[in-house]
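Geometric and topological summary
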Amino acid sequence: MANRLDTMNPSDTTMPSINQGTKSSTSARPTNNGNVVKRLQSELMTLMMSPTPGISAFPSDTDITRWNATISGPSGTPYETLTFKLTFSYPPNYPYAPPEVLFKTPIYHPNVDMSGRICLDILKPAGQGKEGAWSAVLNTGSVLLSIQSLLGEPNNASPLNGEAALLWDRDLTEYKRKVLARHQEPSELDGEGS
Amino acid sequence: MASYPQQDMSDEQLSEFQKLSNEYVPEVTGPLVGERQSSTAIVAEYASADPVFQAKTEALPQKYSHYRTVRGDGSCGWRAVAFGYFEALIHHGDPSRFLEEETRLRSSSNILNMAGFDPFIYEDFADAMFDLLRDVASAMQAGHAEQTLLAAFNDESNQASILTYLKTLTAAWMKTRPQDYAPWLLEQTVEEYCNASVMPTSAEIENVGLSALKDTFLSPAGITLEVLYLDRSEGSEVNMHRFSPVNHGGFDVGTVRLLYRPGHYDLLYKLQDLPHAAASVSTYLQIASQTHREPICAIGMPDFLTGFAGMSYVSPHQAWPGWQQQLAGGPFRPSAWEFEPDVLQATAQSPLQTAMFRK
């Protein structure tokens, strides 16, 4: 556990502060930050008691509403054997709004842009017709599993990276070459970040 | 999406747009659940609308004397049913019913587990529901159940928990008996429907979901669901759809009436749905347009009131709390001969309700 924490910490410095969001929204409507903390503690407990192979998540040192996570690329996909780091930041009205999830490891994928933002229906808040599919019963673990399966099953109908969507359909060898060219293992990343 | 000049934008810009549009929330005003008010307000609202709406809304107050607004934030249908459920239980008048409901809902954890929902996730939402059932039951004994209920539903996070619980319950119910609901879904499995149209935080209730919510939540509690459609279809009255009641030992606790205007749900009430104190307020509101002799109030209170010196329609708010107690307490209980013949039938039920309330 200590080991994993150590490898995650350096990326903290690059993350935006969640506290600004908390402040601005308290004036607009009553928020229940206590509920967010309680829910996140319970999620953490579950993740630690029954860990799922291939995914992990842990709060940052300073703020329980910001987590660092990893997923391993599913076997049988171009992402096989690779490990990806992500960050979660939970809004004050979590779990009634989705966490903001970013890839910290650069990834070549039709539904992820250059800054690591992910286009996935469950990460969008509801209220835009059928688009937003976030539900309050989803959680850090289920989001990570969804992202993991997105790696092997991209949604090429609405790509953020059009080239990747085309290559996925036409030339998987070239696709895999691009995946490996962009990828950085967590250890390399840490060297850069600090 | 196709109309966007995609090639001119970088990934960065595109996703910035995406983010902005994701964060767009339609402007909504008003409380999450409003105070009960006279439905003549709806008539006023549509006074300048087209003739169909005018005719329908003008006819509305005759059958449905009151309504309550529910905030149109995309969850109004779920919220209206949830609030109406509690109100029906309060109106039914038996605090022990709340405990029965808690027991019943706790036992449906099996369904949630069977449908694959994780107890550690849904427990918090279920607890919010059980807590409110208890709070309202004890508030009922203290005589302020409605205020407690209104406050709970205007607490953003509390009501969100309760709505999430109801969504989970509905989805679990549908997933564990897909054969009952699959025929109503077009090109969607029950699983897909639940993920797309039931579980998302602000997925507004749709007909199939509403039907399932009624089956698992309202019917076993002995509560009937009616939806009044106010739309541009032919006719001079709102169309009423009563969801086929499921017989659970034949007991009837009450009715939740939803007023549906395309895209939005509010709550509607008949006079018989109102607590007695509120019924007197309706008398006050309607007295200007009706003659004294008309039995405008189903429980016949106007005639009763005039029998006492010092009581007047003008100050029902001050007059009522005292009278209600005396009514319940007994010495001034109106006897049948004080009422006009045609209200007798309606009155026949009130002693029963009062008796249960006192238990």
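Residues numbered from 1 in each chain as written. Chains lettered and ligands numbered in written order. Predicted model: local features only at pLDDT ≥ 70, side-chain atom pairs only at ≥ 80, totals over all residues. Heavy atoms only, no water.

All right, on to the overall build of chain B then. The number of helices and strands found in chain B is 17 helices and 6 strands. Scored against the burial criterion, the 359 residues of chain B give a buried share of 49%. Across chain B, the fraction of contacts at a sequence separation of at least 24, relative to all contacts at a separation of at least 6, is 73%. On chain B, roughly 17400 Å² of surface is accessible, and the fraction owed to carbon and sulfur atoms is 54%. (Helix = DSSP H or I, 4+ residues; strand = E, 2+ residues; numbered from the N terminus. Buried < 20%, exposed > 50% of the residue type's maximum accessible area, 1.4 Å probe, protein only. Contact = heavy atoms within 4.5 Å. Areas by Shrake-Rupley, 256 points an atom, 1.4 Å probe, with all protein chains shown as cover.)

Moving on, we come to the overall build of chain A. Each helix and strand in chain A was counted, giving 7 helices and 4 strands. In chain A, which comprises 194 residues, the proportion classed as buried is 52%. Counting only contacts in chain A whose residues sit at least 6 apart along the sequence, the fraction spanning at least 24 positions is 60%. Of the accessible surface of chain A, which amounts to about 9000 Å², a share of 55% is contributed by carbon and sulfur atoms.

This next bit is on the UniProt feature "active site" (unreviewed entry) in chain A. Residues and elements named next belong to chain A. Residues annotated by UniProt as "active site" (unreviewed entry) correspond here to Cys119. Inspection of the secondary structure puts Cys119 in the loop between strand E4 (100-103) and helix H4 (140-152). With relative accessibility at 11%, the residue Cys119 sits in the buried group. Among all residues touching Cys119, those that are not within four sequence positions of it are Asn111, Lys124, Leu150, Ser158 and Leu160. (UniProt positions renumbered as here; feature names shortened; annotations may be inferred.)

According to the stated counting rule, one finds 24 salt bridges over all chains in the structure shown. A salt bridge links Lys38 of chain A to Asp124 of chain B; the nearest nitrogen and oxygen atoms lie 3.3 Å apart. With Lys38 of chain A in helix H3 (residues 33-49) and Asp124 of chain B in helix H7 (residues 119-142), this residue pair bridges two chains. By relative accessible area, which is 47% here, Lys38 of chain A ends up partly exposed. Judged by relative accessible area, which is 27%, Asp124 of chain B ranks as partly exposed. Notably, a salt bridge pairs Glu101 of chain B with Arg104 of chain B, separated by 2.7 Å at the nearest N-O pair. Taken as a pair, Glu101 of chain B and Arg104 of chain B lie in helix H5 (residues 96-107) at a separation of 3 residues, close to a single helical turn. What makes Glu101 of chain B buried here is its relative accessible area of 4%. (Salt bridge = Lys/Arg side-chain N within 4 Å of Asp/Glu carboxyl O.)

Here the focus is the environment of Tyr108 of chain A. Residue and element names in this part refer to chain A. Topologically, Tyr108 is positioned in the loop between E4 and H4. Note: C-alpha distance between Tyr108 and Leu145 (37 residues apart in sequence) is 18 Å. The residues contacting Tyr108, other than those within four sequence positions of it, are Tyr79, Asn161, Glu163, Ala164, Leu167, Tyr175, Lys178, Val179 and Arg182. Here the side chain of Tyr108 touches Glu163 through a polar contact of 2.4 Å, side chain to side chain. (Polar contact = N/O pair within 3.5 Å; in protein donor to acceptor, adjacent residues only side chain to side chain.)

Further remarks concern unusual backbone geometry. Residue and element names in this part refer to chain A. Following Tyr94, the chain continues to Pro95 via a peptide bond in cis, the omega torsion being 5°. By the element assignment, Pro95 lies in the loop between strand E3 (83-89) and E4. Non-glycine residue Thr81 carries a positive phi angle of around 70°. The residue Thr81 is located in the loop between strand E2 (66-72) and E3 in this model.

The pLDDT averaged across chain A works out to 82; a share of 77% of its residues lies at or above 70. In the model, residues 1-31 of chain A has pLDDT below 50 throughout and makes 45 contacts with residues more than four positions away in sequence or in other chains. (pLDDT = per-residue confidence, 0-100.)

This part covers the packing of aromatic side chains. Aromatic ring pairs are described here by two measures, namely the spacing of the ring centres and the angle between the planes. The tally for this structure, following the rule as stated, stands at 18 aromatic pairs over all chains. Ring centres of Tyr108 of chain A and Tyr175 of chain A lie 5.5 Å apart, and the angle between their planes is 65°; this geometry places the pair in the edge-to-face category. Linking Tyr108 of chain A in the loop between E4 and H4 with Tyr175 of chain A in helix H6 (residues 172-182), this pair joins segments that are 67 residues apart in sequence. Residue classification places Tyr108 of chain A among the buried positions, given a relative accessible area of 3%. Classification of Tyr175 of chain A as buried rests on a relative accessible area of 0%. Put simply, the rings of Tyr79, Phe84, Phe103, Tyr108, Trp168 and Tyr175 of chain A touch in pairs and so form one group of aromatic residues. Geometry around Tyr269 of chain B places Arg36 of chain B over its ring, the cationic atom sitting 4.9 Å from the centre. One Lys or Arg, Arg177 of chain B, reaches over the ring of Trp173 of chain B and ends 3.5 Å from the middle of that ring. (Phe/Tyr/Trp six-rings, centres within 6.5 Å; stacked < 30°, edge-to-face > 60°. Lys NZ or Arg CZ within 6 Å of the ring centre and 35° of its normal.)

Residues and elements named next belong to chain B. Strand order across the open sheet formed by 6 strands is E1-E2-E6-E5-E3-E4, with mixed pairing between neighbours. The open sheet has two free edges, formed respectively by strand E1 (33-38) and strand E4 (239-242), since each of these has just one partner strand. Here the average twist between neighbouring strands, direction ignored, is 30°. Pairing of strand E5 (residues 254-261) with strand E6 (residues 264-269), which is carried by 5 bridges, proceeds in the antiparallel orientation. Bridge pairing in E6 links Leu259 to Asp266. (Pairing = 2+ DSSP bridges. Axes fitted to C-alpha atoms, helices over the stretch in contact; angles between N-to-C directions.)

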